[in-house]
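Remarks on the overall topology
Single-letter residue listing:
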Amino acid sequence: MISKDEVKHIAALARVGLNEEEIEKFSQDLSSILDFVEQLKEVDVAGIEPTAHITGLVNRTRDDVARDFANKDGIVELFPEEKNRYDKVKSVL
Amino acid sequence: MIRELHEKLLARKITAVELTEQYFAVIEKKDKGLNAYLTLTKELALEQAEKVDEKIAKGEEIGLLEGIPGGIKDLILLEGVRATGGSKILDNYIAPNDATVVKNLKQAGAIFLGKTNCDEFAMGSSGEKSAYGPTKNPHDTARVPGGTSSGSAAAVAADMAVWALGTDTGGSTRQPAAFCGTVGLKPTYGRVSRYGVMAAASSLEQVGVLSKTVEDAAIILSEISGQDRMDATTAQSFGKRYEDYLTGEIKGMKIGIVKEYLDNLGDQMKKTIEDVIAKFKKLGAEIQEIELPHARYSLPVFYIINPCEISSNLARYDGIKYGMRVDDKKETDVTDPDGLPKTLLETYLDTRKYELGTEAKRRIMLGTYALSSGYYEAYYLRAQKVRTLIKKDFEEAYKKVDLILTPITPTPAFKFGEKMNNPVDMYLEDIFTVTANIAGVPAISVPAGMIEVEGKQLPVGFQLMGEWFDEENLLRAADAYEKGKSNG
């Protein structure tokens with residue numbers, strides 16, 4: 001069972017604001033999903049490597065060269081609040 | 001269907017502009033009732049079509065896809081056009097670039113009719129979780145079209161697009177294809193670039209294709225597959241034209257079936273799959289029983305890996321760099337008792353609180369929990385180990401058979417609201433589809449006729465799964481079945 005306090009703690013970690021109703025609902029939902037995935041505990045995974053890339057591709061590298069993005073204006077226009085082509089946000093504190 | 005339209009364009013029986021306008025006329029007539037499209041791109045489409053007509057008029061050669069209109073799932077970026085991913089948090093987002101798949105299709109001369117509806121950020125199995133209202137199933141509007149590529153499947157099924165791109169994280173192309181009666185292809189992980197596709201669960205998903213025929217899916221795949229500098233997980237491609245492999249000949253091909261999959265089906269679905277097996281036998285394929293002992297853990301593995309990766313990928317939607325920010329709204333719109341955000345932290349919390357839907361929040365919460373200190377090993381790491389075992393099952397199976405045949409959905413399309421109360425009920429919808437995403441193998445959903453439910457004819461399908469990067473055999477078998485079916 002995931003308690004409401006745990007839900008609040010996870011929400012804070014995930015930076016998601018929740019209302020009371022959601023806190024209640026997620027406490028139940030998360031518990032039922034975690035019960036469902038519980039069956040994985042019966043699998044013997046001793047000595048099994050976790051999958052990192054499913055087709056086995058490893059470390060594809062490329063030259064460390066900066067490339068120009070063609071549509072910079074398109075990105076600036078997406079800023080919710082713009083000042084002198086900077087993205088303006090609220091104060092941190 | 002693409003080939004026929006191509007011949008008509010070449011024979012000048014129709015122009016690309018006329019063809020495009022015809023599709024917009026159907027959209028105008030039908031889409032109010034179906035809600036398959038979120039944004040129409042008529043101006044762009046007609047501009048593209050004119051270029052194709054000019055080429056034809058000059059007698060220049062045109063490719064198979066040139067002038068053929070389709071739809072793009074709203075999770076995939078088309079430069080200069082709104083892309084919401086089915087979420088309110090990107091309500092005002094205008095794509096600053098093309099996804100690689102879109103760039104490839106533009107080069108191939110394909111025409112874009114618009115952006116199709118989908119469950120928010122590719123989470124859902126019914127199309128009901130779009131922030132812009134559900135898409136409806138063209139075969140019965142009281143029923144869901146499946147999801148998450150809900151609009152793409154409905155658009156193709158209702159003749160509002162010749163083809164459509166979807167994405168497939170756990171069945172999101174194949175399951176709606178089955179519910180709507182179209183073909184749905186999920187390529188091998190790494191076959192198609194994911195650059196410019198909004199990420200949900202990066203280790204599971206691929207861009208998928210929805211189409212009327214297997215050949216059409218092959219034609220689209222030929223254009224969109226290949227290694228991409230912008231997506232390090234893509235594998236090398238050798239410029240294959242997948243449509244060239246559709247010989248209709250599958251004598252001696254070995255197809256595996258998993259007995260317990262059939263045992264748990266309802267009568268009508270079971271009969272459907274048995275008929276499909278009989279058809280493949282008739283076509284000369286050898287049917288063999290195989291075992292995938294760990295496949296039954298695919299769904300729990302999926303519902304750990306998927307939310308973990310989602311919680312990480314969706315961190316970018318925070319109201320800072322793009323999309324909606326809560327203080328875009330007027331003071332009076334915000335019901336938060338604290339009022340508008342005063343600090344950066346409040347901007348994050350409120351933006352995500354008001355602009356993300358319930359399923360998005362649920363998976364972010366679950367993923368954050370499973371990845372948090374002290375739980376990582378018990379959940380994510382264990383799931384990735386079981387995933388290795390599932391992959392090994394497939395490696396063993398493909399030593400014996402070329403393809404694996406399974407059901408695609410437990411039932412035909414269900415009704416709206418039927419599975420909305422309990423998240424686990426909804427997740428069980430993906431039971432036959434997720435395994436291919438867990439193992440990374442290519443898979444296709446193929447229509448297998450209709451069954452009657454409460455007086456309505458509803459489409460049903462089956463699934464074939466192939467070996468990694470062997471889309472040729474997968475498509476060849478699916479195409480042979482399709483041809484065999486129409487020849488009786």
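Note that the structure is predicted; figures quoted are calculated from it, not measured.

Thoughts on the environment of lysine 392 of chain B
All names here are of chain B. With respect to the helices and strands, lysine 392 occurs in helix α13 (residues 377-400). The exposure class of lysine 392 is partly exposed, given the 15 C-beta atoms found within 10 Å. The spatial distance from the C-alpha of lysine 392 to the C-alpha of lysine 281 is 27 Å, given a sequence separation of 111 residues.

Topic: the interface of chain B and chain A
Listed as interface residues are 58 residues of chain B and, on the opposing side, 42 residues of chain A. Taken together, the elements giving at least two residues each to the side of chain B that touches chain A come down to α10 (298-313), α11 (344-355), α12 (358-371), α13 and α14 (423-427) of chain B. Counting residues per element, the side of chain B that touches chain A draws most heavily on α13 of chain B, which supplies 10 residues.

Side note on the pairing of strand β10 (residues 443-453) of chain B
Residues and elements named next belong to chain B. Relative to β10, strand β5 (residues 183-186) runs antiparallel, the two sharing 3 bridges. Counterpart to lysine 186 in the pairing with β10 is alanine 443. Sheet analysis places β10 next to strand β11 (residues 456-465), joined by 9 bridges and oriented antiparallel. The residue bridging proline 447 from the neighbouring strand is glycine 461, located in β11. Hairpin connection of β10 to β11: 2 residues between the antiparallel strands, including glutamate 454 at a positive phi of 50°.

Things to note about the sheet that holds strand β1 (residues 37-40) of chain B
All names here are of chain B. Read from one edge to the other, the open sheet built from 11 strands follows the order β1-β3-β2-β4-β6-β5-β10-β11-β9-β7-β8, with strand pairing classed as mixed. One side of each edge strand has no neighbouring strand; the edge strands of this open sheet are β1 and β8 (286-289). Across the sheet, the axes of successive neighbouring strands diverge by a mean angle of 30°, strand direction being ignored. Along the sheet, helix α9 (residues 267-282) makes contact with β7 (254-257), β8, β9 (403-407), β10 and β11, crossing β10 at roughly 125°.

Concerning unusual backbone geometry
All names here are of chain B. Residue threonine 148 follows glycine 147 across a cis peptide bond; omega there is 15°. Structurally, threonine 148 is set in the loop between β3 (111-116) and α5 (150-157). Of note in this structure, arginine 12 is not a glycine but carries a positive phi near 60°. Among the residues examined, arginine 12 registers 10 C-beta atoms within 10 Å and is labelled exposed. One non-glycine residue with positive phi stands out, namely asparagine 35, at about 60°. Tracing the chain through its elements places asparagine 35 in the loop between α2 (16-34) and β1.

What counts and how
Residues numbered from 1 in each chain as written. Chains lettered and ligands numbered in written order. Predicted model: local features only at pLDDT ≥ 70, side-chain atom pairs only at ≥ 80, totals over all residues. Helix = DSSP H or I, 4+ residues; strand = E, 2+ residues; numbered from the N terminus. Buried ≥ 20, exposed ≤ 12 C-beta atoms within 10 Å, placed from the backbone. Contact = placed C-beta atoms within 7 Å. Pairing = 2+ DSSP bridges. Axes fitted to C-alpha atoms, helices over the stretch in contact; angles between N-to-C directions.

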